[in-house]
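# Results of the structural survey
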Amino acid sequence: SIDRTFSTVCKVLELLVAHQPGGFATKNGDEHDEPTNLHKLLHMAVHLLGDDSCRAAAGVFESHMSSFASFEALVRDMKFVLHMLEELSASSKGTLTLTILSREAMLLALLRSVLEARSLARDAFRVCSGFSAILRILVKLEGSF
């Protein structure tokens, strides 16, 4: 199935990303606000594929953020993950599904892991107003129950 193949490819990418800085996360060596290959990979997995693919793509993204990402890249990537969380909570339109909850839980676990792994990530989280974003998401979730 597509999910199994995607998951396998992501596991290989996770190993490569963890041991090779750059290349995968940036677009032509830039660290601007443009979506990178890893952003596209995670976005596609969260919105179009199954839980296994989503978990595998989150692992690749987490591996990159926990290893070699610069401060600017961490801010960009944190904003991206927070934006995806907001997209998911907005897509529920007052009715939470198990799929949306599991995707949000995976993304929150990704952020938690990265925040635990790097003090630079905690600084990036503060700079991109991560606490406020998480509170907004939780307030939206509360209205769905």
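Residues numbered from 1 in each chain as written. Predicted model: local features only at pLDDT ≥ 70, side-chain atom pairs only at ≥ 80, totals over all residues. Heavy atoms only, no water.

### Some thoughts on the confidence of the model for the protein
Keep this limit in mind: A residue's pLDDT is the confidence the predictor assigns to it, expressed on a 0 to 100 scale. Labels follow the DSSP assignment, with helices taken as runs of H or I lasting at least four residues and strands as runs of E lasting at least two, numbered in each case from the N terminus. Between two residues, a contact is recorded if the distance between any of their heavy atoms is within 4.5 Å.
Confidence in the prediction for the protein averages 79 pLDDT; 79% of positions are at 70 or higher. Of all the helices and strands in the protein, helix α1 (residues 2-19) carries the lowest mean pLDDT, 73, while helix α6 (residues 119-127) carries the highest, 92. Of the regions scoring below 50 in pLDDT, residues 23-31 engages in 21 contacts with residues more than four places distant in sequence or in other chains.

### Considerations on the side chain of His 39
This is how the line gets drawn: Two N or O atoms count as a polar contact when they lie within 3.5 Å, although within protein this holds only if one can serve as hydrogen donor and the other as acceptor, and sequence-adjacent residues are included solely when both atoms are side-chain atoms.
With respect to the secondary-structure elements, His 39 resides in helix α2 (residues 37-48). A polar atom in the side chain of His 39 sits 2.8 Å from the side chain of Asp 77.

### Digging into the nonpolar core
We count it as follows: Nonpolar cores were defined as sets of buried Ala, Val, Leu, Ile, Met, Phe, Trp, Tyr and Cys residues, with membership established by side-chain atoms within 4.5 Å. Each residue is placed in one exposure class: buried if its accessible area under a 1.4 Å probe, protein chains only, is under 20% of its type's maximum, exposed if it is over 50%, and partly exposed if it falls in between.
By size, the foremost hydrophobic cluster in this structure holds 42 residues, and its most contacted members are Leu 42, Met 78, Val 81 and Leu 111. For this core, the secondary structure elements donating two or more residues are α1, α2, α3 (51-67), α4 (71-91), α5 (98-117), α6 and α7 (130-142). Counting residues per element, this core draws most heavily on α4, at ten residues. Sequence-distant contacts of Met 78, that is, excluding residues within four places in its chain, are made with Met 65, Leu 111, Val 114, Leu 115, Ala 121, Ala 124, Phe 125 and Cys 128.

### Comments concerning the environment of Glu 87
Within the secondary structure, Glu 87 sits in helix α4. Linking Glu 87 and Ile 137, residues 50 residues apart in sequence, is a C-alpha distance of 9.6 Å. Contacts of Glu 87, omitting those with residues within four sequence positions, involve His 43 and His 47. Within the structure, the side chain of Glu 87 is placed 2.9 Å from the side chain of His 47, a separation counted as a polar contact.

### Focus: α3
Short version of the rule: Given the number of residues in a helix, its expected span is that number minus one, multiplied by 1.5 Å.
The terminal C-alpha atoms of α3 lie 24 Å apart, and with 17 residues this matches the ideal 24 Å at 1.5 Å per residue to within 8%. Among all positions of α3, only Ser 53, Cys 54, Ala 56, Ala 57, Ala 58, Gly 59, Val 60, Phe 61, Ser 63, His 64 and Met 65 are buried.

### A closer look at the pattern of salt bridges
When their charged atoms lie close together, side chains carrying opposite charge are able to pair. What counts here: Here, a salt bridge means any Lys or Arg side-chain nitrogen found within 4 Å of an Asp or Glu carboxyl oxygen.
The tally for this structure, following the rule as stated, stands at six salt bridges. Linking Arg 112 and Glu 116 is a salt bridge whose minimum nitrogen-to-oxygen distance equals 3.6 Å. Here Arg 112 pairs with Glu 116, and both are found in helix α5, just four residues apart, close to one helical turn. Taken as a pair, Arg 112 and Glu 116 share a single burial class, namely exposed.

### Section: the packing of aromatic side chains
Test applied: Any two rings among Phe, Tyr and Trp, with Trp reduced to its six-membered ring, count as a pair given centres within 6.5 Å; such a pair is stacked if its planes are under 30 degrees apart, edge-to-face if over 60, and tilted if neither.
Under the definition given, this model contains two aromatic pairs. Taken together, a centroid distance of 5.9 Å and an interplanar angle of 45° make the contact between Phe 61 and Phe 80 tilted. In this pair, Phe 61 is assigned in helix α3 and Phe 80 in helix α4, connecting sequence segments 19 residues apart. Residue Phe 61 shares its accessibility class with Phe 80, and that shared class is buried.

### Describing the packing of α2 against α3
Using the following cut-off: Here, axes are lines fitted to C-alpha atoms. For helices the fit covers the stretch in contact, and angles between N-to-C directions go from 0 to 180 degrees. Throughout this description, any angle smaller than 35 degrees is read as roughly parallel, any larger than 145 degrees as roughly antiparallel, any in the 65 to 115 degree range as roughly perpendicular, and the remainder as oblique. Left-handed is the label given to a crossing in which the near helix is rotated counterclockwise from the far helix by less than a right angle, and right-handed is the label when the rotation is clockwise.
Close contact between α2 and α3 brings their axes to 8 Å; oriented N to C, the two are set at 155°. Relative to α3, the element α2 is oriented roughly antiparallel. Of the two elements, α2 crosses α3, and the hand of that crossing is left-handed. Across the interface between the two elements, Leu 38, His 39, Leu 41, Leu 42, Ala 45 and Val 46 from α2 touch Ser 53, Cys 54, Ala 57, Ala 58, Val 60, Phe 61 and His 64 from α3.

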